[in-house]
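An overview of the molecular structure
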Amino acid sequence: MQYATEFIAQANQQAIQVSTEARANLSHLDVDLTNQGMAADEVLSELNQWVAPATMKMGSPRFFGFVIGGAYPVSVASNWMATAWDQNTGLEKTTPAVALLEQVAARWMLGILGLPAESATAFVTGATVANFTALAGARNQVFTQAGWDVEADGLIGAPDLHIIISEESHPTVYKSLAMLGLGRNRVIKVPTDDQGRMDMNEFPAVQDNTIIITQAGNINSGAFDPIGQICAAAKGKNAWVHVDGAFGLWAMATAQYHHLGAGLEQADSWATDAHKWLNVPYDSGLAFVKNAHALKAAMAITAAYLPSDNAVRNPSDYTPELSRRARGTDVYAVLRHLGKDGVAELVERCCACAQRFAQQLSDAGYMVLNDVVLNQVVVSFGSDQANLAILDAIQHEGTCWLGQTIWKNQLAARISVCNWQTDFAAVDQSMAVILKIAQQTLRKNHQ
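Residues numbered from 1 in each chain as written. Predicted model: local features only at pLDDT ≥ 70, side-chain atom pairs only at ≥ 80, totals over all residues. Heavy atoms only, no water.

**Let's talk about the sheet that holds strand S8 (residues 285-289)**
The seven strands are arranged S2-S8-S7-S6-S5-S3-S4 in an open sheet whose pairing can be described as mixed. Both outer strands of the open sheet, strand S2 (120-124) and strand S4 (188-190), are each paired with one neighbouring strand and no more. Ignoring strand direction, the axes of neighbouring strands in this sheet form an average angle of 20°. Pairing of strand S5 (residues 210-215) with strand S6 (residues 239-244) involves six bridges; the strand directions are parallel. The partner of Thr 214 across the bridge, within S6, is Val 243. Helix-sheet contacts for helix H6 (residues 127-145) involve S2, S5, S6, strand S7 (269-273) and S8, and the interaxial angle to S6 is about 175°. (Pairing = 2+ DSSP bridges. Helix = DSSP H or I, 4+ residues; strand = E, 2+ residues; numbered from the N terminus. Axes fitted to C-alpha atoms, helices over the stretch in contact; angles between N-to-C directions. Contact = heavy atoms within 4.5 Å.)

Take a look at the structure:
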């Protein structure tokens, strides 16, 4: 605990990027396993000596490279407690305390996000598995309505299934479809507008036996698909609408940004990350499914040695895993700590910081390529060569960290604001470095 506490206390004052020296020193860990082993305190000392310096400071308030948050101190502490409790969170009968924490946290989140109260919640590893879990429920329900038991009989000989996705869908959606046996390529891709939203003028007629995958928060622009309209188009059909809301779903917790997901509550399932905007430690993903029976039918595990009681909520009835850590503990801790207003403030502050980035970049003459509607800023400093050179220099300087992306076939820098510590001071400190490096690099390129 001492090493971890020291790391947290010092991390924000250190360079975000891993140094060449620290990376080289990792070779000290690549040793042959000894016969006798090593004392526990020596093992921890060794880890602290070589691993801590070689960590990317992703929890920094100036890390904007991916859409990931940090970890609230209360969630770090609750994570330590949950590890010490060492609960295999599968059955309520054997782990009643952490099972209750999940049940309560699930109820709180459904209320905060404005999702149907009867929805089932699965605490999984991240948005990838959350998408997989929700889409397993979708596969069950659509095939059941078509008269096919996919869990018992598989996909060979099953009725045709139509899958509609956005041409801007995240790669994890394709991975989920592949793992479910539905195929990465057997999809209908809907063209998008200039902000990455599905274009309803190009949206196909919805047939029976259809799964539609929408997006709440484009990974580049932050834009939302017109989910309410899509739900209306699917009404009356044997169709399921899923929302990939890895970070954007948390916008529904705010009065200011709730309008972006108008009609989102009419969908059938939703996926998000708690280790993104809720800022709990890894790993923590969430799947919400309106039809609890469909999810349980897809995920249920039965064995003679496992007690069964329909009167209680067994966590393993909703997740791919039987054995797993008590992920709900950290979610409960942060929600209890922040309350509804605190969650809203977190999201709104991050969005305000993104707008501050966009305004200062635009004022400096650089091209902001997206409408900054949420927490994402895509910016070009000029040519591809200039963008890469500036990004490389920013990353090596270490004050802040931006990532690169391809947006509408153009290489650009992407700023993602998702950390509980990020405020205007962190933005301004980062912008001073970004502008200085951009000016120096562009001046050098023109000489």
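**Brief notes about the packing of aromatic side chains**
Applying the stated rule across the entire model yields eight aromatic pairs. Here Phe 247 and Trp 277 contribute two aromatic rings whose centre-to-centre distance is 6.5 Å and whose plane-to-plane angle is 55°, an arrangement assigned as tilted. Note that Phe 247 is positioned in the loop between S6 and S7 and Trp 277 in the loop between S7 and S8, a separation of 30 residues in sequence. Each member of the pair, Phe 247 as well as Trp 277, is classed as buried. Clustering of aromatic rings is evident, with ring pairs tying together Phe 63, Phe 66 and Trp 401. Taking the ring centre of Phe 424 as reference, the NZ or CZ of Arg 356 above it sits at 4.3 Å. Over the ring of Trp 407 we find Lys 408, and its NZ or CZ is 5.2 Å from the ring centre. (Phe/Tyr/Trp six-rings, centres within 6.5 Å; stacked < 30°, edge-to-face > 60°. Buried < 20%, exposed > 50% of the residue type's maximum accessible area, 1.4 Å probe, protein only. Lys NZ or Arg CZ within 6 Å of the ring centre and 35° of its normal.)

**A few points about unusual backbone geometry**
Of note, the bond from Tyr 282 into Asp 283 is cis; its omega dihedral lies within 30 degrees of zero at -10°. In this structure, Asp 283 sits in the loop between S7 and S8. Residue Asn 209 is not a glycine yet carries a positive backbone phi of 60°. In this fold, Asn 209 is placed in the loop between S4 and S5. A relative accessible area of 16% means that Asn 209 is categorised as buried. Even without being glycine, Asn 279 reaches a positive phi, approximately 60°. Within the secondary structure layout, Asn 279 lies in the loop between S7 and S8. Using a relative accessible area of 0% as the deciding quantity, one classes Asn 279 as buried.

**Observations concerning the pairing of strand S11 (residues 401-407)**
Across the seven residues of S11, five count as buried, placing the element largely inside the fold. In this structure, strand S1 (residues 63-64) lies alongside S11, joined through two bridges in parallel fashion. When the bridges of S11 are listed, Phe 63 appears paired with Trp 401. Note that S11 and strand S12 (residues 410-416) share five bridges and pair antiparallel. When the sheet's bridge partners are listed, Gln 404 is paired in S12 with Ala 413.

**So, a nonpolar patch on the surface**
Taken together, Tyr 3, Leu 26, Leu 29, Met 38, Val 43, Leu 44, Leu 47 and Val 51 make up a surface patch of nonpolar side chains, about 600 Å² in accessible area. Looking at which element gives the most residues to the nonpolar patch, the answer is helix H3 (residues 40-50), with three residues. (Patch = residues over 30% accessible without salt bridge, like charges linked within 9 Å, V, L, I, M, F, W, Y side chains within 5 Å. Areas by Shrake-Rupley, 256 points an atom, 1.4 Å probe, with all protein chains shown as cover. Salt bridge = Lys/Arg side-chain N within 4 Å of Asp/Glu carboxyl O.)

**Topic: the sheet that holds S11**
Across the sheet, five strands lie side by side as S1-S11-S12-S10-S9; this open sheet has mixed pairing. Looking at the sheet topology across the chains shown, the edges are occupied by S1 and strand S9 (367-368). Packed on one face of the sheet, helix H11 (residues 328-363) meets S1, S9, strand S10 (376-380) and S12 and runs near 15° to S10. Each of S10, S11 and S12 touches helix H12 (residues 384-397); the most contacted strand, S11, lies at about 155° to it.

**Considering the pattern of salt bridges**
Tallying each qualifying case throughout the model produces nine salt bridges. Between Glu 102 and Arg 313 there is a salt bridge, with its nearest N and O atoms 3.4 Å apart. Of this pair, Glu 102 sits in helix H5 (residues 96-113) while Arg 313 sits in the loop between helix H10 (292-299) and H11; the two residues are 211 residues apart in sequence, bridging distant segments of the chain. Taking relative accessible area as the criterion, Arg 313 reaches 14% and is therefore assigned buried. Ionic pairing is found between Asp 193 and Arg 197, a salt bridge with its closest N-O pair at 2.8 Å. Judged by relative accessible area, which is 23%, Asp 193 ranks as partly exposed. With relative accessibility at 29%, the residue Arg 197 sits in the partly exposed group. Each member of the salt-bridge network shares a partner with another, and the members are Glu 102, Arg 313 and Arg 324.

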